[in-house]
Amino acid sequence: MGIIGSIFVLSFLIFFHELGHFLAAKCFGVKVEAFSIGFGKTRLLKKRIGDTEYSLRPIPLGGFVQLKGQSDIDPKLRNEESDSLYGIAHWKRLVILAAGSFFNLLLAFLLFVAIGLIGKNELAPIVGNVDLAMPAGIAGLKSGDEIVEVDGKRIRTWNALSNAITESQGSIELTFLRGNKEYFVTIEPQMGESKNIFGESIMRPLLGISASGELRIVRYFFVESLFYALEETWQSSKLILQSLEKMIVGIVPVSEVGGIVSIVSLTKKATELGIVTLFAFSALISVNLGILNLLPIPALDGGHIIFTFYEMLTKRIPTQETLYRLSLAGWIALLGLMGIGLYNDILRLLNGTMPF
């Protein structure tokens, strides 16, 4: 699929976001003036159906929906007629504004359901090295033991085992297989220093074991895949919010910010590694789009949501000049972040570290 495939995937994710706004607006009687796949002034194809112009444009990096009464470029053009975005009840406007992000999260959920049904390679919960001075070694666990339950909960991956230990409060009961025989043991984890995914030193419960490194394909039945997808979508959302927090406080350097070139490059790589990897990466990008669009930046959906809540609480509309200045500041912040990403991409290309 290569570059063309990666651009198609990214375009579809953004298109799905805009589809959420489109369907919600139609549901509440807001006039949709335009629905475009792609950007640019030139319309490669166009067709008007009812009040909406549907078009295909030459820059294939997403799309947009133009609702009556909405103008991100100049909020002074705000329209309050009954079929416009600002002429309906506040709660309906909130639903329309949030629908794009909801659709991104829904798409990620569906992709994770597909991954659960297809199956993906996971680290098996099989013990590799055992520290004899730590709780697991003292309790008699050995290399090659496969842990199948923690406190009665089935364990299928090393990641699930790690999470169960991290979330433990006091002693835990492990069920493990040694050969073909099942054993039970109660272990009290010991607090120790570890590293999180951001490289920070943290204190967490430890047993003193490491993974054997064995990979296996893990599949779920349909109902199980729904719970798996819900958990993965939730964890992906938390990871993105944590990453933003770490970037703000300086733990994650600004040099780690990637732009459109990085996204296309990584998507291309994912397409080459198979459908499951592509689905997983697409789900993560979709969650990213959904969460980031809810940030309280005036140029994003989150900024419009904040303005709407302000109107609901104060019963007042911000002045046109205030809206204009805040929107301008939002665009400056957004374009600045995109500029940093593009700058980092160019440096990676020049240094030969971009994974093309």
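Small disclaimer: the values here were computed from a predicted structure and weren't measured.

A look at the pairing of strand E3 (residues 52-56)
Pairing between strand E1 (residues 32-39) and E3: four bridges, direction parallel. Of the residues in E3, the one forming a bridge with Ser-36 is Ser-55. In this structure, the hairpin formed by strand E2 (residues 45-49) and E3 is closed by a connection of two residues, where Gly-50 is found at a positive phi of approximately 65°.

Quick notes on the packing of helix H2 (residues 90-118) against helix H8 (residues 301-314)
Two numbers describe a pair of packed helices, the interaxial angle and the distance between the axes. With their axes 9 Å apart at the nearest point, H2 and H8 run at an angle of 170° to one another. The angle between the axes of H2 and H8 places the two elements in the roughly antiparallel class. Counting all contacts with H2, which are made through His-90, Arg-93, Leu-94, Leu-97 and Ala-98, the residues of H8 involved are Asp-301, His-304, Ile-305, Thr-308, Phe-309, Glu-311 and Met-312. Residue composition of the contact of H2 with H8, by class: six nonpolar, three polar and three charged.

A word on the layout of surface pockets
Each pocket or cavity is described by its volume, and for the second largest pocket that value is around 1,800 Å³. Forming the walls of the second largest pocket are 41 residues, and the residues nearest its centre are Asn-159, Asn-163, Glu-231, Glu-232 and Gln-235. For the lining of the second largest pocket, the secondary-structure elements that each account for two or more residues are strand E5 (120-123), strand E8 (153-154), helix H4 (158-166), strand E11 (190-195), strand E12 (201-206), helix H5 (222-249) and helix H7 (275-292). When residues of the lining of the second largest pocket are assigned to their parent elements, the largest contribution, 10 residues, is made by H5.

Looking at the packing of aromatic side chains
For the structure shown, the criterion picks out 11 aromatic pairs. Consider the rings of Phe-12 and Phe-16, whose centres lie 5.8 Å apart with planes at 40°: the pair is tilted. A residue pair is termed a helical-turn pair when its members lie 3 or 4 positions apart in one helix, as Phe-12 and Phe-16 do in helix H1 (residues 2-27) at four residues. Where Phe-16 meets Phe-103, the ring centres are 5.3 Å apart and the plane angle is 40°; that geometry is what we call tilted. Of the two residues, Phe-16 is situated in helix H1 and Phe-103 in helix H2; the sequence distance between them amounts to 87 residues. Exposure class is identical for Phe-16 and Phe-103. Each is buried. By the ring-pair criterion, three or more aromatic residues cluster together here, those being Phe-12, Phe-15, Phe-16, Phe-22, Phe-35, Tyr-54, Phe-102 and Phe-103. The positively charged end of Arg-178 is found above the aromatic ring belonging to Tyr-183, 5.6 Å away from the centroid.

A short note on the pattern of salt bridges
The full count for this structure, using the stated rule, is 10 salt bridges. In this structure, Arg-57 engages Glu-53 in a salt bridge whose closest nitrogen and oxygen atoms are separated by 3.9 Å. Arg-57 sits in the buried class, given a relative accessible area of 9%. Overlapping salt bridges bring together Arg-43, Glu-53 and Arg-57 as one network.

Cut-offs and rules
- Residues numbered from 1 in each chain as written.
- Predicted model: local features only at pLDDT ≥ 70, side-chain atom pairs only at ≥ 80, totals over all residues.
- Heavy atoms only, no water.
- Pairing = 2+ DSSP bridges.
- Helix = DSSP H or I, 4+ residues; strand = E, 2+ residues; numbered from the N terminus.
- Axes fitted to C-alpha atoms, helices over the stretch in contact; angles between N-to-C directions.
- Parallel < 35°, antiparallel > 145°, perpendicular 65-115°, else oblique.
- Contact = heavy atoms within 4.5 Å.
- Nonpolar A, V, L, I, M, F, W, Y, C, P; charged D, E, K, R; others polar.
- 1 Å grid on protein atoms, 1.4 Å probe; cavity = no way out; pocket = protein on both sides within 12 Å on 5 of 7 lines; lining within 4 Å.
- Points joined across faces, edges and corners; volume = space filled by probe spheres on them.
- Phe/Tyr/Trp six-rings, centres within 6.5 Å; stacked < 30°, edge-to-face > 60°.
- Buried < 20%, exposed > 50% of the residue type's maximum accessible area, 1.4 Å probe, protein only.
- Lys NZ or Arg CZ within 6 Å of the ring centre and 35° of its normal.
- Salt bridge = Lys/Arg side-chain N within 4 Å of Asp/Glu carboxyl O.

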